[in-house]
Amino acid sequence: MNNKITTILFDLDGTLIDTNELIISTYLHTLEKYYPSKYKREDVLPFMGPTLHEAFSTVDPDRVEEMVLEYRTFNLANHDALVKEFEGAVETVQTLFEKGYKLGIVTTKRHDTALKGLRLMNLDRYFEVVVALDHVTKVKPDPEPLFNALEQLKSTPEESLMVGDNYHDILAGKNAGTLTAGVAWSIKGREYIAKYEPDYILEHMTDLLKILGE
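Reading the values: the criteria
Residues numbered from 1 in each chain as written. Predicted model: local features only at pLDDT ≥ 70, side-chain atom pairs only at ≥ 80, totals over all residues. Heavy atoms only, no water. Pairing = 2+ DSSP bridges. Helix = DSSP H or I, 4+ residues; strand = E, 2+ residues; numbered from the N terminus. Axes fitted to C-alpha atoms, helices over the stretch in contact; angles between N-to-C directions. Contact = heavy atoms within 4.5 Å. Phe/Tyr/Trp six-rings, centres within 6.5 Å; stacked < 30°, edge-to-face > 60°. Buried < 20%, exposed > 50% of the residue type's maximum accessible area, 1.4 Å probe, protein only. Lys NZ or Arg CZ within 6 Å of the ring centre and 35° of its normal. Bend = angle between axes of the 7 residues up to and from the residue. Salt bridge = Lys/Arg side-chain N within 4 Å of Asp/Glu carboxyl O.

Draft legend 1. Focus on the sheet that holds strand 4 (residues 102-106). In spatial order, the strands read 5-4-1-6-7-8; together these six strands make up an open sheet with parallel pairing. This sheet does not close on itself; its edge strands, each paired only once, are strand 5 (129-131) and strand 8 (200-202). On average, adjacent strands in this sheet sit at an angle of 25° to one another, irrespective of strand direction. Contacts between helix 7 (residues 144-153) and the sheet are confined to strand 1 (7-10), strand 4, strand 5 and strand 6 (160-164), with strand 5 contributing the most and set at about 160° to the helix.

Now the structure itself:
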């Protein structure tokens, strides 16, 4: 139980909404176009978390922009068919909202794409603030996006919790001075997220309510 926490910042993909299949399919589609038969499903898992530009720059620095464009075109076209809700996510967020917690999204997605996912899952009504790739000069694990969200929410790091599925989220929280919670349903596995020593590990989204004493 922690009565000090007033503010919860969430990563979006892989934390609140299940975009895993969409992201993997989009990476495989894009890489297949440029490098036929070279990449398999397990090869693209390390790309999940970093920005598109960071991921594709490890593949071919000279073709990053065209690969990002190909990725985004396919991703948007297939978004609604492949995105799913994580069990308990919507109910938990609704409960936090109704109990007066200040809620924000901090994502490495573009703002328009983030809103698309939030609206699809009927989550957009609960989030006062969405800090996306377009709003910052540095992305997670740099603390800038978290500071941006906290400033808008009029909150301090000491009263805040960052929830995410990737090391970028946990390190960003530590760098910003918030508490951190990793989700055990990370596609990279519970042990992966545990390595970064978050303050809490959520086995199910409803665990968040127990941590907060709700």
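Moving on from the model shown.
Draft legend 2. Main features of the packing of aromatic side chains. All told, the structure shown has ten aromatic pairs when counted by the stated rule. Arranged with centres 6.1 Å apart and planes meeting at 70°, the rings of Phe56 and Tyr71 form a pair that is edge-to-face. Of this pair, Phe56 sits in helix 3 (residues 52-57) while Tyr71 is found in helix 4 (residues 64-82), placing the two residues 15 residues apart along the sequence. Tyr71 shares its class with Phe56; the two are buried. Linked through ring pairs, Tyr27, Phe47, Phe56 and Tyr71 together constitute an aromatic cluster. Against the face of Tyr35 rests Lys38, its NZ or CZ located 5.4 Å from the ring centre.

Draft legend 3. Region of interest: helix 4. In helix 4, a bend of some 40° at Leu76 exceeds every other bend along the element. Those residues of helix 4 lying buried are Val64, Met67, Val68, Glu70, Tyr71, Asn75 and His79. Looking at the buried side of helix 4, the elements it contacts are helix 1 (20-34), helix 3 and helix 6 (111-120).

Draft legend 4. Molecular detail of the pattern of salt bridges. Under the criterion given, the structure shown has twelve salt bridges. We note a salt bridge from Arg41 to Glu21, for which the minimum N-O separation is 2.9 Å. Note that Arg41 is positioned in helix 2 (residues 41-44) and Glu21 in helix 1, a separation of 20 residues in sequence. By relative accessible area, which is 40% here, Arg41 ends up partly exposed. Between Glu66 and Arg63 there is a salt bridge, with the nearest N and O atoms lying 3.6 Å from each other. When salt bridges that share partners are traced, they join Asp11, Lys140 and Asp169 into one network.

Draft legend 5. Seen up close, unusual backbone geometry. Omega for the bond connecting Lys140 with Pro141 falls within 30 degrees of zero, at 15°, which places this linkage in the cis form. Located in the positive-phi region is Lys154, a residue other than glycine, with phi close to 55°. Mapping Lys154 onto the fold places it in the loop between helix 7 and strand 6. The exposure class of Lys154 is exposed, given its relative accessible area of 72%.

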